[in-house]
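A closer look at the structure
The lines below spell out each chain.
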Amino acid sequence: MLNFMQAAYDGPGGGHVELNFTKMQAAGNDYIYLDCRAAGLPPNAAALAVALSRRHFSVGADGVIFICPPLLADGDAAMRMFNADGSEGAMCGNGVRCVAEFLYTHGVRRDCIRIDTPNAGRRTLRRVGAGLWQVEMGHFSALGADVGTADLGGGPLLDVPLCTGGRSWRVNCVAVGNPHCVVFVGDAPPEGADLALYGRELEHHPAFPGGINVEFARQISPTAFAVTVWERGSGATLSCGTGACAVAASAVLTGRSGRGVPILVQMPGGTLEVRILKDDTALLLGEAAAAFTGTVRIQPCKLPRGVV
């Protein structure tokens, strides 16, 4: 893959930048991956994510993930994830599995891969089959200070009443690298316009000054949930790895499920498996795959300000 920072104005008439990329997905959660291990994160990462993520008008994705040099000497790489709106996410459970698969297929042929993040620490991933990775997602918390809530109390923030858009909800707030608001519903979880309406209202509720990811979950059995996702900064997505962990953690903390057993989180793009352990940590298991590789030509005059 072309080093990202070596992309240059090199067309016959100049005036464009060419970037090689890999499009990857995990349970339908799709990101554009740029290999920046040689040069590091570009200064225009946020604006570039906006430009490349536009569906129908560019490559199209839930965001862009930059694979950077490790932050610690014994790491294999670092991950920086930017949502489609240019905001940076601290962690992405689906994205980090795709980074492991990318590294494995690009020279890091180890079954245990260590990936650093600047805001969520290190994640250790283990390859358990072809394209199948289990990631140690670390500790989760339902405390208000960890989730980043306002006026909801210290927590644990479980089964908390919240009103928005003329509706009353009972929400469970859990931080799993990213903040999440899990709503257990009795009927099918909302989709389409309803998901956009309710998800956006909860994402931007004053109780969450920094915004929040939202999952609507219907319990199918003690170890299975059907879930739809509204991601902060990206909108409706086919799945969310940290969101699956938040659903499983909320289920365990509210007595709906048990610890140490596989909990299947069925999302529109596929099913993820989560285990909630005794020490309040989560293991996330799922597939990761490359969809295609390509080269995108970017016209600087059409980019958001600051990209080039």
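Check the entry above for the structure.
What this report covers is the structure whose coordinates are included nearby. (Residues numbered from 1 in each chain as written. Predicted model: local features only at pLDDT ≥ 70, side-chain atom pairs only at ≥ 80, totals over all residues. Heavy atoms only, no water.)

Glancing now at the overall build of the chain. Helix and strand content of the chain: 5 helices and 18 strands. Relative to the globule expectation of 19 Å for 308 residues, the C-alpha radius of gyration of the chain, 19 Å, shows essentially globular dimensions. Projected onto its principal axes, the C-alpha positions of the chain cover 60 × 45 × 30 Å. A total of 308 residues make up the chain; the buried ones form 54% of that total. (Helix = DSSP H or I, 4+ residues; strand = E, 2+ residues; numbered from the N terminus. Rg over C-alpha atoms; globule rule 2.2 N^0.38 Å. Buried < 20%, exposed > 50% of the residue type's maximum accessible area, 1.4 Å probe, protein only.)

Both strand E6 (residues 112-117) and strand E7 (residues 121-129) contribute to a ladder of 6 bridges, which runs antiparallel. Residue pairing in the sheet places threonine 117 in a bridge with glycine 121 of E7. In the sheet, E7 pairs with strand E8 (residues 132-139) via 4 bridges, with the strands oriented antiparallel. Of the residues in E8, the one forming a bridge with leucine 125 is valine 135. Connecting E7 to the next strand, E8, in antiparallel fashion are 2 residues, including glycine 131 with a positive phi near 70°. (Pairing = 2+ DSSP bridges.)

This paragraph deals with helix H1 (residues 45-53). Counting buried residues along H1, 7 of its 9 residues qualify, which places the element largely inside the surrounding structure. If you check which residues of H1 are buried, you get Ala45, Ala47, Leu48, Ala49, Ala51, Leu52 and Ser53. Where H1 is buried, its residues touch strand E1 (17-26), strand E2 (29-35), strand E3 (63-68), strand E4 (77-83) and strand E18 (289-298). (Contact = heavy atoms within 4.5 Å.)

Let's shift gears to the pattern of salt bridges. If you walk through the whole model with that rule in mind, you get 13 salt bridges. With a closest N to O distance of 3.0 Å, arginine 55 and aspartate 62 form a salt bridge. Looking at aspartate 62, the relative accessible area reads 6%, which means it is buried. In this structure, the salt-bridge partner of arginine 259 is aspartate 280, at a minimum N-O distance of 2.9 Å. (Salt bridge = Lys/Arg side-chain N within 4 Å of Asp/Glu carboxyl O.)

Scanning the entire structure with this criterion turns up 6 aromatic pairs. Relative to tryptophan 133, the ring of tyrosine 104 has its centre 5.9 Å away and its plane inclined at 75°; by these criteria the two rings are edge-to-face. Within this pair, whereas tyrosine 104 is found in helix H2 (residues 93-105), its partner tryptophan 133 is found in strand E8, the two being separated by 29 residues in sequence. Both rings, one in tryptophan 169 and one in phenylalanine 216, keep their centres 5.6 Å apart while their planes meet at 55°; by these two values the pair is tilted. (Phe/Tyr/Trp six-rings, centres within 6.5 Å; stacked < 30°, edge-to-face > 60°.)

Here glycine 155 and proline 156 are connected by a cis peptide whose omega angle stands at 5°. Relative to the helices and strands, proline 156 is located in the loop between helix H3 (144-147) and strand E9 (160-164). In this structure, aspartate 159 takes a positive phi of about 55° despite not being glycine. For aspartate 159, the location among the structural elements is in the loop between H3 and E9. Even without being a glycine, aspartate 280 presents a positive backbone phi close to 60°. Counting through the fold element by element, aspartate 280 comes out in the loop between strand E16 (270-276) and strand E17 (281-287). Classification of aspartate 280 as partly exposed rests on a relative accessible area of 26%.

Moving on to the pairing of E9. The two faces of E9 differ: Val160, Leu162 and Thr164 on one face are buried, but Pro161 and Cys163 on the other face are not. Pairing of E9 with strand E10 (residues 167-176) involves 5 bridges; the strand directions are antiparallel. Looking at the pairing, valine 160 lines up with valine 171 of E10. Hairpin geometry of E9 and E10 is characterised by an intervening segment of 2 residues between the two adjacent antiparallel strands and by a positive phi of about 60° at glycine 165.

Quick look at the environment of methionine 137 now. Among the secondary structure elements, methionine 137 is positioned in strand E8. Its relative accessible area of 0% is what places methionine 137 among the buried residues. Those residues in contact with methionine 137 that lie beyond four places of it in its chain are Met91, Gly93, Arg123, Val176, Thr242, Cys245, Ala282 and Leu284.

Turning our attention to helix H5 (residues 241-253). Residue pairs three or four apart in sequence face the same way in an α-helix, which turns once every 3.6 residues. An ideal rise of 1.5 Å per residue puts 18 Å on 13 residues; H5 measures up with 18 Å between its terminal C-alpha atoms. Counting buried positions along H5 yields 12 of 13 residues, so the element is predominantly enclosed. Those residues of H5 that fall on the buried side of the exposure criterion are Gly241, Thr242, Gly243, Ala244, Cys245, Ala246, Val247, Ala248, Ala249, Ser250, Ala251 and Val252. Residue glycine 255 follows H5 closely and has a positive phi angle near 80°. (Expected span 1.5 Å × (residues − 1).)

Another aspect to go through is the side chain of asparagine 94. Counting through the fold element by element, asparagine 94 comes out in helix H2. Residue asparagine 94 is classed as buried on the basis of its relative accessible area of 0%. A polar contact of 3.1 Å, which involves the side chain of asparagine 94, links it to the side chain of asparagine 29. Asparagine 94 has contacts with Ala26, Asn29, Ser239, Cys240, Gly241 and Leu272, leaving out every residue within four places of it along the chain. (Polar contact = N/O pair within 3.5 Å; in protein donor to acceptor, adjacent residues only side chain to side chain.)

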